[in-house]
Amino acid sequence: MNQKLVVIGNGMAGTGCIEQILKYRRQFDITVFGDETHVNYNRIFLSSVLAGDKSAEDIVLNSLDWYQQNDIRLRLGVRITAIDPGAKTVTGDDGSSTSFDKLIIATGSSALIPPIEGSSKPGVYVFRNLDDTRALLDRARHGARAIVVGGGLLGLEAARGLQVQGCDVTVVHLMDSLMERQLDAIGGAYLKARMECLGVKVLLNRSTTHIIGETRAEGVRLKDGEELPADFVVIAAGIRPNAELARKAGLHVNRAIVVNDFMETSHPDIFAVGECVEHRSVCYGLVAPLFEQGKVLAATLTGNRDQTYEGSTLSAKLKIMGVDVFSAGDFSESAPDSDAVRFEDPALGIYKKLILRNNKLVGLILVGDTADNHRYMHWLESKADLTSKRRSLLFPEPVADAGLDVAELPESKVVCGCHGVTKGSIVQAVRDRGLSTLAQLKQCTRASTGCGSCTELCQHLLKAVAPQFEDERQQVLCKCVPFSEERLREVVRTERLRSVQQVLDIYGNGAGCAVCKPALSYMMDVVWCGSHQEDRSARFVNDRVHANIQKDGTFSVVPRIRGGVTSPEELRRIADVAEKYRVRMVKITGSQRIDLLGVQKSDLPNIWADLGMPSGQAYTKGVRMVKTCVGTDFCRFGVQDSIATGVELERRFENLFTPHKLKMGVVGCPRNCAEATVKDIGLVGQDGSWQVVVGGAADKKVRKADLLITVECSEAALQAAALFFQYYRENANFLERTYDFVERVGIERVRRETIYAPLATQQRLRERLRRSKANSRDAWLEGDQPRHPTQFVQIESLPLPPAGNIQ
Ligand SMILES: Cc1cc2nc3c(=O)[nH]c(=O)nc-3n(C[C@H](O)[C@H](O)[C@H](O)COP(=O)(O)OP(=O)(O)OC[C@H]3O[C@@H](n4cnc5c(N)ncnc54)[C@H](O)[C@@H]3O)c2cc1C
Ligand code: SF4
């Protein structure tokens, strides 16, 4: 019969330890008590939830299914109020009594509230769990004044999150330097300057004594008497281990529950793990140590006493995009044999300091450039002798030449401390699944999705192991903004940047060029679903004037003719316009459209007004057209209605921007008269079904499209096409055609992340497409006024599109 194992605390330490126990042969009937009402989630991502970058669902670590599949009894919303070590029972606040053979206490910490009068008033918040985060999100709104008491890691992440939500934020910090536990005074000053540059106000050396306001928080009073008004206050002044339960049960408790190297408490059947423990006089407030502790505890509980916990090297990384801060080990210079090696560049905001003792690295601080943190961590943890490297400690050679061979790291080395991912599991995932990019690695193993400090190491591992490694860092957009498109998309989203200029100001050279500005413009459009501040000057000239500039400086006009189906009335109007404005040539294009060529710039507004037809957008990096065949309406071979389906396809996607031009085709049978199998998206009618194909080309490159899915009806085909369409919009690089994109990503992955993605993911893709469509406009009716005069100013100074013409 299995022993009864009870776990108090459904956080990362308790559940992480259970995950380890499950790796051993089953010996326990497990019951978990958690006083929060949520399943286990990644607490370190609360900052991302507050900044609006992730939802509560995104940060779930173990779903209810996981507990069920592993036969774990989960009691959510039940707080354990007492432990009886003699009777070996725990009592819940629901009146329940549960007996145990072994007990794990994993109660974590609570927010520390310093003695500030009035701190229990409404309008005072802490930042520890999901409910706190939701309450803050409910309170935060544009223009609200927030005061964050505490300038440590949590306080700064809370401040930035609130600021991203539109609040006007002031950080009030007791000490004379920010993050003084991780940074020295110089590092703190660099950090302060960076936070202020982002718009967060910082007050140092100020003690908060009162929360002012009659019935609710209306600000704070400082020790010197100054009062700072605010709409709400967040206290982020540190954490307090939840050890009271253990103390009342008579266990040995100092600052926290005292454990030995096997994670045993003073009672032989009671163990503790995570932030609630004190090991060798140290209490940890980070996830990496608790994963290491969990492994040891799992071994202890399952009778494998070959593992011991000997303490962890402390490291911390600030998770604020654009504020790079990393610190590890002991950075004090007070020990007599300490050598400090420093580098500072105030203009670039870079500060680095290494502390060495006896030629071994014992601590480091990196601000403004944390790229080499993994190398320093390797030196720190391996206690490497650095005598031969002393001349180049702060400017080491590239890793490949420096003798840091990731292949030499042991398989058991934890690469991602936030998720406890070892080198061995990364290597295995790369080999088994053929991963070749960091994005794939993140998705598959969770490595590098936490605080980000292991990103470089993951990159090096990929480089060493993946045969087709794609170094995303090399693919920077351009030298004006030296980041990859993926990273910039992340920055735009998490930092809530709404204009191209903002991105250039904060992450680039402030000016931009004809390469990056249109790409950033597109990025804004797709990230914000068209609700950003459109900067038309950043677009290519064609998009600015809504016509295609020709080699002789004249323009071509292509009205939208959905599915290639027009009417005598439309044809008459086109003919009248062509005569009236002496259009040099009227041409039928290869895409079943009519092209009026040789139009003078000055005639464009009047031509548009006289035509009264929407723009065919035959000039843009966006949806071009849907070519259709005759289909069941008239063709004797037709088995599907290609015309109606094609017209509807065009109607659903028209006026939307895409990374590159996007052409579609719909045919009523496999004879393929409208060449749907060489279009970016093609719908091919079959007897009783539709094939949806993607990534086809008949340009410079000819490529037969890949089959995405076969579905039974036209609506299902349109829905599948929509999923691919939005997925391509969100994930392709700017100016990457679908045929390159599908080849790069692989059709299997495209399928996995679109039509076979979880329903919630599909819904989110659809919802973003719906919002983009709702925000899109027919370019010719811009400003409700077809003769919009601003469409023609300063054409000469605009970025020119790459070569290529309409078809
Ligand atoms: C906003 C934020 C950002 C962070 N960022 C980072 C970071 O970047 N890097 C990093 O390494 N760490 C970070 N941390 C710290 C990290 O999240 C913690 O170290 C980790 O979550 C601790 O896990 P734990 O399981 O020990 O405790 P917790 O996560 O606190 O879990 C304990 C659980 O037990 C429950 N509980 C307590 N008492 C009882 C009881 N009597 N009965 C039932 N249930 C009970 C609690 O409600 C809680 O759900 C961050 C923390 C926060 C809040
Ligand atoms: S593809 Fe088939 S249905 Fe369409 S026109 Fe050609 S033969 Fe007819």
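Use the structure listed above.
Each chain carries its own residue numbering, running from 1 in the written order of its sequence. Each chain takes a letter, starting from A, and each ligand takes a number, starting from 1, following the order in which they are written. Given that the model is predicted, a residue must reach a pLDDT of at least 70 before its local features are reported, and side-chain atom pairs must reach 80 or more before they are shown or counted; all residues, however, enter totals for whole chains, interfaces and linings. Computation of side-chain values: all heavy atoms of the structure, hydrogens and water removed.

### Points about the packing of aromatic side chains
- When the centres of two rings from Phe, Tyr and Trp lie within 6.5 Å, Trp using its six-membered ring, the rings pair. Their planes under 30 degrees apart give stacked, over 60 give edge-to-face, and anything left gives tilted. Following the criterion strictly, the structure yields 10 aromatic pairs and no others.
- Ring geometry for Trp66 versus Tyr67: centroids 5.0 Å apart, planes at 85°, classification edge-to-face. A single burial state applies to Trp66 and to Tyr67, both of which are buried.
- Between Tyr522 and Phe734 the ring centres are 5.8 Å apart and the planes differ by 25°, which places this aromatic pair in the stacked class. Here Tyr522, found in helix H15 (residues 516-527), pairs with Phe734, found in the loop between helix H20 (714-731) and helix H21 (738-745); they are 212 residues apart in sequence, far enough to count as distant. Taken as a pair, Tyr522 and Phe734 share a single burial class, namely buried.
- Chaining the aromatic ring pairs together yields one cluster made of Phe724, Tyr727, Tyr728 and Phe741.
- Whether a charge sits over a ring depends on NZ of Lys or CZ of Arg being within 6 Å of the ring centre and within 35 degrees of the ring normal. We note Arg498 situated over the ring of Trp528; from NZ or CZ to the ring centre the distance is 3.8 Å.
- Between Arg671 and the ring centre of Phe637, over which it is positioned, the NZ or CZ distance is 3.7 Å. Under the scheme applied here, a residue whose accessible area is under 20% of the maximum for its type counts as buried, over 50% as exposed, and between as partly exposed, the area being computed with a 1.4 Å probe on protein chains only. Helix and strand definitions here come from DSSP, where helices need a minimum of 4 consecutive H or I residues and strands a minimum of 2 consecutive E residues; each element is numbered from the N-terminal end.

### Some details on the side chain of Ser776
- Here Ser776 shows up in the segment after helix H23 (759-775).
- Taking relative accessible area as the criterion, Ser776 reaches 17% and is therefore assigned buried.
- Whenever a nitrogen or oxygen atom comes within 3.5 Å of another N or O atom, the pair is scored as a polar contact, on the condition that within protein one atom can donate a hydrogen and the other can accept it, and that pairs from neighbouring residues in sequence are kept only if both atoms are in side chains. Here Lys773 takes part through its backbone oxygen, which lies 2.8 Å from a polar atom of the side chain of Ser776.
- Setting aside residues no more than four positions away along its own chain, Ser776 makes contact with Glu654, Asn655 and Leu656. Contact criterion: two residues are considered in contact whenever any of their non-hydrogen atoms come within 4.5 Å of each other.

### A look at the site of ligand 2
- Taken together, Cys629, Val630, Gly631, Cys635, Phe637, Gly638, Gly668, Cys669, Arg671, Asn672 and Cys673 are the residues near ligand 2.
- Note that Gly is not counted as nonpolar here; it falls among the polar residues with everything else outside the nonpolar set of Ala, Val, Leu, Ile, Met, Phe, Trp, Tyr, Cys and Pro and the charged set of Asp, Glu, Lys and Arg. Along the lines of polarity and charge, the residues of the shell around ligand 2 split into 6 nonpolar, 4 polar and 1 charged. We call a residue near a molecule or strand when any one of its heavy atoms sits within 4 Å of it.

### Some words on the sheet that holds strand E33 (residues 594-599)
- As summarised here, the arrangement of the 4 strands in space is E30-E31-E33-E32, forming an open sheet in which the pairing is antiparallel. If you trace the sheet from one side to the other, it starts and ends with strand E30 (548-549) and strand E32 (585-588), each paired once.
- Between any two strands, at least two bridges found by DSSP are needed for them to pair. With 2 bridges joining them, E30 and strand E31 (residues 555-557) adopt antiparallel strand pairing. Counterpart to Asn548 in the pairing with E31 is Ser556.
- Between the N-to-C directions of two axes lies an angle of 0 to 180 degrees, each axis being a line fitted to C-alpha atoms and, for a helix, fitted only over the stretch in contact. Sheet contacts for helix H17 (residues 568-580): E32 and E33; angle to E33, the most-contacted strand, approximately 10°.
- Across the sheet, helix H18 (residues 604-611) lies against E31 and E33, angled at about 5° from E31, the strand it touches most.

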